[in-house]
Amino acid sequence: MRSLGSSGGMFPLLAAQVLKDGGTVFGATLHKDGHVCHIGITAREDIGEISRTKYVQSDLSSVWEEIGSLLKQGRKVLFCGPPCQCDAVRRYAGERRDSLILVDLICYGVPSPGIWERYVQFLEKKYRGAFQAFYFRDKRAGDHGHTTVLRIGGQERIRPLLQDLFCKSYFYNVNLRPSCFSCRYCTAERDSDITLGDFWGIEQVRPDLDDGMGISAVICHTEAGNQLWEQVRGRTEWFSCQRQELVNERQPRLRMPTVPSKRRALMMRLY
């Protein structure tokens, strides 16, 4: 499962359990045309399609009706996304919340999908081939996912995360949505059932587990979240930690929003 996830592979494990229970899992996928959107899956072999990090705002327009229909039938639904999207789904579900599991992410912020689409076009022109796939956090180098992999025109191109132009603009805070800079979800207390993310700072807490392949942080907020965690934790190597061990200087998005770059306005004018 760790190979399927960008951090410790907890989401694929949670998804597999919900599918085993006859539910439907919704997560973000990256299509071959570069479009990032949410889809629902019902088969375990499709978990890879909605795993791994996508540093792009996902389009939810095609899943609202399906989510509503499943909840109306009382079918189990797991929805995974950034906390703002999870809150939107929670509000949409209303009184039909009983069969819904919300798994949100420790989110740095979401970039403009328009900039991403232009970047895909740029890559196709530069490499003279059709875009096929992009892995924002590839772990084959054992470097905590600080490698990107582009598949285009039948070839694979690998480079460090911050040598990729789009990812560099993301972590330099110049392509994020303005709302991300005042995000009210950047706290350890959420309205979701479970929060997942990288356990940055694990080397200070459990250095024996820091193998470069990613460790997931799991925060359960509700009884439904606890129940799902109880179902899967026996298949993991896990330990409990104190709040201050997780909410540390390397995990700022559990304490405050991302700070906007002074260069963002210039970036947007040039764009």
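Look up a bit, the structure's there.
Residues numbered from 1 in each chain as written. Predicted model: local features only at pLDDT ≥ 70, side-chain atom pairs only at ≥ 80, totals over all residues. Heavy atoms only, no water.

Caption draft 1: Highlighting the sheet that holds strand β7 (residues 155-160). One open sheet accounts for 3 strands, arranged β5-β6-β7; its pairing is antiparallel. One side of each edge strand has no neighbouring strand; the edge strands of this open sheet are β5 (131-138) and β7. Neighbour-to-neighbour, the strand axes of the sheet open up by a mean angle of 15°, direction not taken into account. Two elements, strand β6 (residues 147-152) and β7, share 6 bridges in a ladder whose sense is antiparallel. Note that in β7 the partner of Thr148 across the bridge is Arg159. (Pairing = 2+ DSSP bridges. Helix = DSSP H or I, 4+ residues; strand = E, 2+ residues; numbered from the N terminus. Axes fitted to C-alpha atoms, helices over the stretch in contact; angles between N-to-C directions.)

Caption draft 2: Expanded view of the sheet that holds strand β2 (residues 36-41). The mixed open sheet is built from 6 strands, whose spatial order is β2-β1-β3-β4-β8-β9. The sheet is open, and its two edges are formed by β2 and β9 (216-220), each paired on a single side. Taken pair by pair, the neighbouring strands of this sheet meet at an average axis angle of 25°, ignoring direction. Bridge count for strand β4 (residues 100-105) against strand β8 (residues 194-198) is 3 bridges, and the pairing is parallel.

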